[in-house]
Amino acid sequence: MEVTVARLLTFYGIATTLCAMMVFWVSFAPGSCTTSFIAAKTTRKGLHEVYEDKLDSWSRVVPHSLVTKYRENGLVCMLHVLPSVLWSGLVPLQLNQWIRKHRPRLHRRVGRILIAVSASMTAGYVLIHVRGLHFHTNDFSTLKQGEGLSVLAPWFWPFLGRCMHSCTFGMTGSKDPAAFAFVTFETCAAIYWLVTAGMAGYYAWKGRGNATVAQKICMSRHRSWAIRHVAAGLSVATQRVFIGASHGWCRYQSLRCEDAAAQKGIFADSLTLGVLACLTLGEIAIRDSRSKVALDTRSKAD
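Residues numbered from 1 in each chain as written. Predicted model: local features only at pLDDT ≥ 70, side-chain atom pairs only at ≥ 80, totals over all residues. Heavy atoms only, no water.

## Examining the overall build of the protein chain
Turning to step 1, where the next piece is worked out: Counting its secondary structure elements, the protein chain contains 14 helices and zero strands.
Turning to step 2, where the next piece is worked out: Moving toward the C terminus, one meets the helices and strands of the protein chain in the order α-α-α-α-α-α-α-α-α-α-α-α-α-α.
Turning to step 3, where the next piece is worked out: By the compact-globule yardstick of 19 Å for 302 residues, the protein chain fits well, its C-alpha radius of gyration being 21 Å.
Turning to step 4, where the next piece is worked out: Projected onto its principal axes, the C-alpha coordinates of the protein chain cover approximately 65 × 60 × 40 Å.
Turning to step 5, where the next piece is worked out: Across the 302 residues that make up the protein chain, the buried fraction comes to 40%.
Turning to step 6, where the next piece is worked out: Counting every atom, the protein chain has about 16900 Å² of accessible surface; 65% of that belongs to carbon and sulfur.
Turning to step 7, where the next piece is worked out: For the protein chain, the distance from the average site of its 34 positive side-chain charges to the average site of its 17 negative ones is 13 Å. (Helix = DSSP H or I, 4+ residues; strand = E, 2+ residues; numbered from the N terminus. Rg over C-alpha atoms; globule rule 2.2 N^0.38 Å. Buried < 20%, exposed > 50% of the residue type's maximum accessible area, 1.4 Å probe, protein only. Areas by Shrake-Rupley, 256 points an atom, 1.4 Å probe, with all protein chains shown as cover. Lys, Arg positive; Asp, Glu negative; His and termini not counted. Charge placed at Lys NZ, Arg CZ, Asp CG, Glu CD.)

This is the structure in structure tokens:
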């Protein structure tokens, strides 16, 4: 019991830290939708130079276009990037056990807002896809879309793309199998994230009241899907952690990771590892949460 509770508290602490990081990242990092960009557009002396210096420092990790491409895509900012600040700010409240127990109305309202924000961000992702703003499409002009999508396993995405091409009898991925496979992975992750939000909301609606056995089962499923939703959403924040760690390791080992192929491979690998790590830890958190509920129920019965 103590180990389970300690692990759940650790997961909550990690989730809160990642959410705080993303709030700061989107609000102050030198991205196209941030206050730093707005400040750089003003006429105040020196602000533009400070902003450009920040961009130069980031160019060792990602190309300029990856950071600045939303300057001409304000709708993507409004639908996808900026709402992530609200999502990241509300998640710690939604996961907080005290608020869930003592402020159920607030918990429900925050949940509804999170579902609406998730729908908005998914619409923004669709816009990114339609406008060709994926990093492997827009930001590495010296490389083909399916080239350099992994440093750790460069064979994986071409292999997966060829398998998908064969399994669909040549109807998919004929131009660039690796790029098609990676975009499919990104799209499935986005769809999964939206579906988990919908499932969490559905079971919360079915389990309202939490009185009968059937309602308690629905609330248990609601918590599981809510955890899956948060885990999937935090994969983007975890990607940033992996990117920073990878480039830090490169500098420590005196490796050259500033060329386009290395930047692209690290960016893609970090996203893949972020998704896999978060989904795995999410399922562990669900198991621990169910164990804790079962133990609490037994202790009350005793």
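Having seen the model, we can carry on.
## Focus: the pattern of salt bridges
Turning to step 1, where the next piece is worked out: Scanning the entire structure with this criterion turns up four salt bridges.
Turning to step 2, where the next piece is worked out: For D139, the salt bridge goes to K69, with nearest N and O atoms at 2.9 Å. Placement of the pair is D139 in the loop between α9 (135-138) and α10 (156-167) and K69 in the loop between α4 (64-68) and α5 (74-81), with a sequence separation of 70 residues. Both residues of the pair, D139 and K69, belong to the buried class. (Salt bridge = Lys/Arg side-chain N within 4 Å of Asp/Glu carboxyl O.)

## A word on the state of the cysteines
Turning to step 1, where the next piece is worked out: Inspection of the entire model under this criterion finds one disulfide.
Turning to step 2, where the next piece is worked out: For C250, the disulfide goes to C257, at an S-S distance of 1.9 Å. What sets the handedness of the C250 and C257 disulfide is the S-S torsion sign, and at about -70 degrees it is left-handed.
Turning to step 3, where the next piece is worked out: C257 sits in the buried class, given a relative accessible area of 10%. (Disulfide = S-S within 2.5 Å.)

## Comments concerning helix α8 (residues 104-130)
Turning to step 1, where the next piece is worked out: The end-to-end C-alpha separation of α8 is 39 Å, in line with the 39 Å expected for 27 residues at 1.5 Å each.
Turning to step 2, where the next piece is worked out: The positive-phi residue at the C-terminal boundary of α8 is G132, with phi of around 65 degrees. (Expected span 1.5 Å × (residues − 1).)

## Description of the packing of aromatic side chains
Turning to step 1, where the next piece is worked out: Using the criterion set out here, one finds 13 aromatic pairs in the structure.
Turning to step 2, where the next piece is worked out: Each ring, one from W155 and one from F159, has its centre 6.3 Å from the other, and the planes form 65 degrees; the classification is edge-to-face.
Turning to step 3, where the next piece is worked out: Relative to W157, the ring of F156 lies with its centre 4.9 Å away and its plane at 75 degrees, an arrangement referred to as edge-to-face.
Turning to step 4, where the next piece is worked out: A relative accessible area of 32% means that F156 is categorised as partly exposed. (Phe/Tyr/Trp six-rings, centres within 6.5 Å; stacked < 30°, edge-to-face > 60°.)

## Here's the deal with the side chain of K69
Turning to step 1, where the next piece is worked out: Under the relative-accessibility criterion, K69 is labelled buried at 13%.
Turning to step 2, where the next piece is worked out: Separated by 2.5 Å, the side chain of K69 and the backbone oxygen of L133 make a polar contact.
Turning to step 3, where the next piece is worked out: Separated by 2.9 Å, the side chains of K69 and D139 make a polar contact. (Polar contact = N/O pair within 3.5 Å; in protein donor to acceptor, adjacent residues only side chain to side chain.)

## A short note on the environment of D269
Turning to step 1, where the next piece is worked out: Inspection of the secondary structure assignment puts D269 in helix α14 (residues 260-301).
Turning to step 2, where the next piece is worked out: Here the alpha-carbon distance between D269 and S235, two residues 34 residues apart in the chain, equals 12 Å.
Turning to step 3, where the next piece is worked out: If we skip the residues at most four places from it in the chain, D269 touches L149, S150, V151 and L152.
Turning to step 4, where the next piece is worked out: Engagement of the side chain of D269 in a polar contact is seen with the backbone nitrogen of L152, the distance being 3.0 Å. (Contact = heavy atoms within 4.5 Å.)

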